[in-house]
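# Report on the structure
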Amino acid sequence: MFELKPRDIAKCLQLLQNGEFYSIHEPRFKKEDEDTVIACIRSTFVSYVSDFVKIFESELSQYLGAKHVVAMSSGTAALHMSLVGAEIPHDSEILLPSLTFVATANAIKYVGAHPHFIDSNTDDPNIDVGYLREYLLHILTIKNGQTINKKTGRAVSAIIAVHIFGHPVEMTELKKIADEYNLILIEDAAQALGSIYKDDKCSVIGDIGTLSFNGNKILTTGGGGAVITNNEKYAQRIRHLSTTAKIPHKWDFIHDSIAYNLRLPGINAALGINQIRRLEETIAFKRTLSQYYQNSFKDFKGLTILHEPRFCRSNYWLNAILLDANCKTSIQEILSCLHENGIFARPLWMPLHQLDIYRDAPRATMHNAERLYQRIINLPSSPFLAEGLS
Ligand SMILES: *Cc1c(COP(=O)(O)O)cnc(C)c1O
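Each chain has its residues counted from 1, running along the sequence as written. With the structure being a predicted model, the display of local features is reserved for residues of pLDDT at least 70 and the display and counting of side-chain atom pairs for 80 or more, all residues being used for whole-chain, interface and lining totals. Side-chain figures throughout are based on the complete set of non-hydrogen atoms in the structure, without hydrogens or water.

## Some thoughts on the side chain of histidine 116
Within the secondary structure layout, histidine 116 lies in strand S3 (residues 114–118). A distance of 2.7 Å separates the side chain of histidine 116 from the side chain of tyrosine 135, its partner in a polar contact. The contact partners of histidine 116, leaving out residues within four places of it in the chain, are Glu93, Ile94, Leu95, Leu96, Tyr135, Ile139, Asn149, Pro362, Arg363 and Ala364. Strands are runs of DSSP state E lasting at least 2 residues, helices are runs of H or I lasting at least 4, and numbering of each runs from the N terminus. Side-chain atoms alone can form a polar contact between residues adjacent in sequence; in general such a contact is a pair of N or O atoms within 3.5 Å, and within protein one must be able to donate a hydrogen while the other accepts it. In what follows, residue pairs with any heavy atoms lying within 4.5 Å of each other are defined as contacts.

This is how it looks when you write it as structure tokens:
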């Protein structure tokens, strides 16, 4: 049993922050970002009907190597529209990890489907694909080509993979599972813009992917998101239904569905365009910062710094301390010591199956998610923290 001295962890972090207070992930903008926003204002096309949205989408689709990118007003809206685009059947179940941001589950409820929570790996928060396979063998059956949960009798229609902290999920295995059970594979890549699994960027590996450009993400448009897909039908449906399902006409207002208004405004897109062009530079900073954390904490007994899986490149959106399973010190002790010393650190999201709002949701046995919630602390991860390092 190891005991850690929270004060030693604080000292390590103070060294990096040099007396400043930083939140978990802060953006830094450049003159070119300001100039593009001003150009958008001067164009007067500040809504989603703007060339800046078109440029943003095409730069992103080039960067990702994806056929279709539809910019949205948030990552949550992107998740919602991905489920609408895939025509998720009402009342069906969607598999997703319990350790994720609440928006992943909320989007499932928006389309009248049910979140079905699955467990994480022993020592990292991503989906435990091996256990998932065993679990599904046990609870699913295929009847007339439909995948059914034997316990609830409901259809199971999709699985959402979440690349936590930017570390890619084991997608090859997950794809096999999705194929075997005829599930639509969606990637919530909100945290993983620029992360690479084997040869592909996260968000283009499954049938549909989603991104977030919220203020604390690696690229921010203030608020924003995007749906990514190579499927033409999905893309068309998503474009149509996220812009009030208006049939193109010079003056008439004719709408063929009860739809949504969820597109990214031009003024927000303008802020993001140059950040896409600088993304590889930003990721290099993120990787330098992570290396710094790895080195600084390598002699600590009782903890490790989470690192990317093999055959992957993580964008290291958030760095994280993982306490050893037998570490005696609690994350509460460490968190309060860090905060007393002017360092902002935070725990994981509470596992969603433990929230009151999802109390009744179906779930696998949570061997790991609940324990990881007691073992992980995120550290300040803004890319500019790496500027003095390397
Ligand atoms: C940030 C985030 C979202 C939601 O994105 P918003 O732009 O804040 O709506 C969804 N899923 C995950 C995993 C996220 O980290």
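## With respect to the packing of helix H6 (residues 129–139) against helix H7 (residues 171–180)
Angle between the axes and distance between the axes: these two values describe a pair of packed helices. Put simply, H6 and H7 touch, their axes get as near as 10 Å, and they point 15° apart. Between H6 and H7, the angle falls in the class roughly parallel. Note that H6 runs across H7; the crossing there is left-handed. Seen from H6, the contacting residues are Val129, Leu132, Arg133 and Leu136; seen from H7, they are Glu173, Leu174, Lys176, Ile177 and Glu180. The residue makeup of the contact of H6 with H7, split by class, is five nonpolar, no polar and four charged. Lines fitted to C-alpha atoms define the axes, with helix axes restricted to the stretch in contact, and inter-axis angles between N-to-C directions lie between 0 and 180 degrees. Every angle not falling under 35 degrees, over 145, or within 65 to 115 is termed oblique; those three ranges are roughly parallel, roughly antiparallel and roughly perpendicular. Handedness of a crossing is defined here by the sense of rotation of the near helix relative to the far one, left-handed for an anticlockwise turn of less than a right angle and right-handed for a clockwise turn. Under the grouping applied here, Gly and all other residues not named as nonpolar or charged are polar, the nonpolar ones being Ala, Val, Leu, Ile, Met, Phe, Trp, Tyr, Cys and Pro and the charged ones Asp, Glu, Lys and Arg.

## Digging into the packing of aromatic side chains
Aromatic rings from Phe, Tyr and Trp, with only the six-membered ring used for Trp, were paired whenever their centres fell within 6.5 Å, and each pair was classed as stacked if the ring planes differed by under 30 degrees, edge-to-face if by over 60, and tilted otherwise. Scanning all chains against the criterion turns up nine aromatic pairs. Each ring, one from tyrosine 131 and one from tyrosine 135, has its centre 6.1 Å from the other, and the planes form 35°; the classification is tilted. Taken together, the residues tyrosine 131 and tyrosine 135, both in helix H6 and four residues apart, mark about one turn of the helix. Of the two residues examined, tyrosine 131 and tyrosine 135, each falls in the buried class. Here the aromatic residues Tyr292, Tyr293, Phe297 and Phe300 are joined through ring pairs into a cluster of three or more. Here, over-ring charges are defined by two tests on the NZ atom of lysine or the CZ atom of arginine: distance to the ring centre within 6 Å, and angle to the ring normal within 35 degrees. Seen from the ring of phenylalanine 384, arginine 28 lies directly overhead, with NZ or CZ sitting 3.6 Å from the centre. Taking the ring centre of tyrosine 63 as reference, the NZ or CZ of lysine 201 above it sits at 4.1 Å. Between buried and exposed lies partly exposed: a residue is buried under 20% and exposed over 50% of the maximum accessible area for its type, with that area taken using a 1.4 Å probe on protein chains only.

## Overview of the packing of helix H1 (residues 6–17) against helix H10 (residues 279–296)
Contact pair H1 / H10: the axes reach a minimum separation of 11 Å and the direction vectors enclose 145°. The interaxial crossing formed by H1 with H10 has right-handed handedness. For the pair formed by H1 and H10, the contact residues are Cys12, Leu13, Leu15 and Leu16 on the first element and Leu289, Tyr292, Tyr293 and Ser296 on the second. Of the residues that constitute the contact of H1 with H10, the class distribution is seven nonpolar, one polar and no charged.

## Things to note about the site of the ligand
Note on definitions. A residue lies near a molecule or strand when any single heavy atom of the residue is within 4 Å of it. By nearness alone, 16 residues border the ligand, and Gly75, Thr76, Asp188, Ser212 and Lys217 come closest of all. The side chain of glutamine 191 places a nitrogen or oxygen atom 2.8 Å from an oxygen atom of the ligand. Methods summary: accessible areas were calculated by the Shrake-Rupley approach with a probe of 1.4 Å, and residue burial reflects only the protein chains presented. For the ligand, whose unbound accessible area comes to 380 Å², protein coverage reaches 91%. Counting only elements with at least two residues in the shell around the ligand, the list comes to helix H4 (75–85) and helix H5 (103–110). Element by element, the count of residues in the shell around the ligand is highest for H4, at three residues.

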